[in-house]
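Chain by chain, the residues run as shown.
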Amino acid sequence: MLSVERLGRREGRLQILEDISFTWPRGVLAVIGGNGTGKTTLLRVIAGAARPDAGRTLWNGVPTSRAVRTAGKIGYGPQERNLDLAITLREFLGLCADLRGLRERAARTGAVAEELGLAKQLDERLADLSGGGRRKAMTAQALLGAPELIVLDEPTSEVDYSASRRFWAAFQGRGKSAALVISTHDVELALSAAHSILLLQRGVSARLAPTSAFTIDELSHAIGEG
Amino acid sequence: MRSVGAFTLARLMMLEALRRPRAVLATIMLALAAGFVILPNPGAPYATLTFHRQPLIYTPAVMGFITGGEFVAFAILLGVLAMSALAPLRAWRCVFGVAAAPSRSLAVGIWIAAFGLGLFLLSCIFGGALVRASTVLSASGDWWRALWIFFTWAYGLGVVGAAVAATIASVLTLRLSTRPALLMGATFILWVVVIAAFVEGPIDIAGQGFALAHLFPQENRSSFAMGFIGGAQNRAGVASHAVGALPAVSGAGQFLLARAAIVLAALLAAFVLAGPRVRPLVMRSRATTHVLSGSLGKPSNLSARYGLVGVVVRQVWSVPPWAVVLLVVALAVETMHAGDPISVVALGFAWGLYMMRWPELCEAFEHGALRSLVQPSVLGPWPVRFHISVGIAVQMAVLALPLAIALGGAGRLHGLLWLATQIIVAPLLCVGLARLRGGATLFSLVAMLWWYLMISGNAAVPMG
């Protein structure tokens, strides 16, 4: 169970997140909002990659910054895709599995590549992958093993439509046994694949509701307003 | 510690380096050349290296000592330079961040990779030195035994430099991998201040206790500070003694054991100093967070009001506060002691700190976000390069003003020319090198070498 309690975070003089609270037990939670509404900051805090200025984030009662150190608990795919490296995708995924203390790395690498449709790209160098390819690599490493909490920051931006659909199908499959928090601008896919949506807007309290409570027009309008 | 992850990381970093053939070739050639240059020519008709104004007697051991000793002196700079040229640190940092692994595991992996790289560089330098040493090895009668002596002395000393460099590289890489110039600067400060002042003596990195005692038994240990080769002409000394192979020398076992212990201690230090888990990399503008840049006006206003000049000034003065404090102290010392040798030291220090910012700025322009500022311009990038060059020259001139006034007042024309040359050459070098990938690192190295020369007194203001 992911518990976000009265979360607040400033970046310089700007209050990015203010008094955000929600719980998320299992399934796919899509985080939607315009640019600068704090999606990335929220995800970084949830993934234990940044500290909140106020409040806390817990995974099964343990702060996520501590839970992330336990092998296989939390998988995080950040927006950053600066992977200008000569190592191959297979080596990259193998390294990430190793560093997380996961066993049977070859099998796990193959499984996640199959799940996301990356099997043909496994032996390509990261530096040679397109922007979308690198984004896929980032998502793949987050899904390695069977993390209980998966945090993905815009995993399908720069990814073609058919791959995006495949990704969201994979997220739905993972959502049966894990909690996924995914930020996205792809309103249509989020509405069809996510279980709930957390809507972030500037100057407005965050709103968490089942997907059925939102319409595509409402979300598009909210994103447009930022 | 997840040793499997650490070894995988080390292996992949090595592979990464090997898959950049041009960078590897350049590194090998540089190291070979360095090895060739480090070792004086024993066959030259003039004395290239003397003690007490007497030419050294070259033996395989003496040559090995010089090779290993000089590698120790420059291992950290060489290691960091090679790592930043061969492995894109920012991209690795991205991997570290998402791996959710403890920094200790990463530090050990980087340490192993850096140690391997250090030994590789030492081997290249040894190879370069071997070309010089071949006549000495032949003259000994038993070429292979002489080679063994040369090898044991060179590696007996050099292994410590590789280990210490690996520790510093691994710890700093985890902390400063997104700021190559600061990485180089911090490395240099650690090398000059921490290693030279606190560490070198107690752990005897340079082998002053054992090695020098055997090679130069009547020499005072204090004569062998870092850089003794450059200043050896002025030191008291005696002709060196020929020493046999290191393992056969009395006390060599203890010497070798001590070096093994230092390597182990360096690895443990990297493990302990690795710090908390590495956070995923988040690119952001540091300019908005610093007090000084804020006091110059709101950064965005500064850029908007003064255009490119505003952008350049804002980038430069977004240095960390500690660097600004050191800069002010250096300028104050320069002002108070203008005309004295101390002012040259202060000037070198101030310029070194200041110049650390330029490569980052220039590289940001050539390869990064700043480029987008000028791409829409029909004028192309040259006006920006011109602005940056002039900006560097003007600000360096301001830093050097107290010294320039003192030199002018004393009528020292050569001194003024010496200053002017630096003010003209540094911007050209910076802007020129920034056009190369990794040029910022090269500039940092050149700037720091110049800094070191000024601080050490080897680049004194010419008389007259």
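These numbers come from a predicted model, not from an experiment. (Residues numbered from 1 in each chain as written. Chains lettered and ligands numbered in written order. Predicted model: local features only at pLDDT ≥ 70, side-chain atom pairs only at ≥ 80, totals over all residues. Heavy atoms only, no water.)

We now examine the interface of chain B and chain A. In this complex, chain B contributes 32 residues to the contact, which on the side of chain A involves 33 residues. Roughly 2,700 Å² is buried in total at the junction of chain B and chain A, and carbon and sulfur atoms are behind 60% of that figure. The interface formed by chain B and chain A includes one salt bridge. Close ionic contact of R19 of chain B with E91 of chain A constitutes a salt bridge, the shortest N to O distance being 3.0 Å. There are five residue pairs in polar contact (both at pLDDT 80 or more) connecting chain B and chain A. If you list the elements that add at least two residues to the side of chain B that touches chain A, you get α1 (3-18), α4 (89-99) and α5 (103-139) of chain B. In terms of residues, the side of chain B that touches chain A owes the most to one element, α1 of chain B, which gives nine residues. Residue composition of the side of chain B that touches chain A, grouped by class: 19 nonpolar, three polar and ten charged. (Contact = heavy atoms within 4.5 Å. Buried area = accessible area lost by both parts, 1.4 Å probe. Salt bridge = Lys/Arg side-chain N within 4 Å of Asp/Glu carboxyl O. Polar contact = N/O pair within 3.5 Å; in protein donor to acceptor, adjacent residues only side chain to side chain. Helix = DSSP H or I, 4+ residues; strand = E, 2+ residues; numbered from the N terminus. Nonpolar A, V, L, I, M, F, W, Y, C, P; charged D, E, K, R; others polar.)

Our next topic: the confidence of the model for chain B. All names here are of chain B. Looking at chain B, pLDDT values average 74 and 68% of them are 70 or higher. Throughout residues 225-238 the model reports pLDDT below 50, and contacts reaching past four residues in sequence, or to other chains, amount to 31 contacts. Contacts of residues 285-293 to residues separated by more than four positions or lying in other chains number 18 contacts, the stretch itself having pLDDT below 50. As a predicted assembly, this complex carries a pTM of 0.75 together with an ipTM value of 0.78. (pLDDT = per-residue confidence, 0-100.)

Turning our attention to the packing of aromatic side chains. The final tally for this structure, using the stated rule, is twelve aromatic pairs over all chains. Judged by centre distance (6.1 Å) and plane angle (70 degrees), the rings of F167 of chain A and F171 of chain A are edge-to-face. Here the residue F167 of chain A and the residue F171 of chain A both occupy positions in helix α6 (residues 161-174), the gap between them amounting to four residues, near one helical turn. No difference in accessibility class separates F167 of chain A from F171 of chain A, as the two residues are buried. Aromatic ring contacts, followed pair by pair, group F126, W148, F150, F151 and Y155 of chain B into a single cluster. (Phe/Tyr/Trp six-rings, centres within 6.5 Å; stacked < 30°, edge-to-face > 60°. Buried < 20%, exposed > 50% of the residue type's maximum accessible area, 1.4 Å probe, protein only.)

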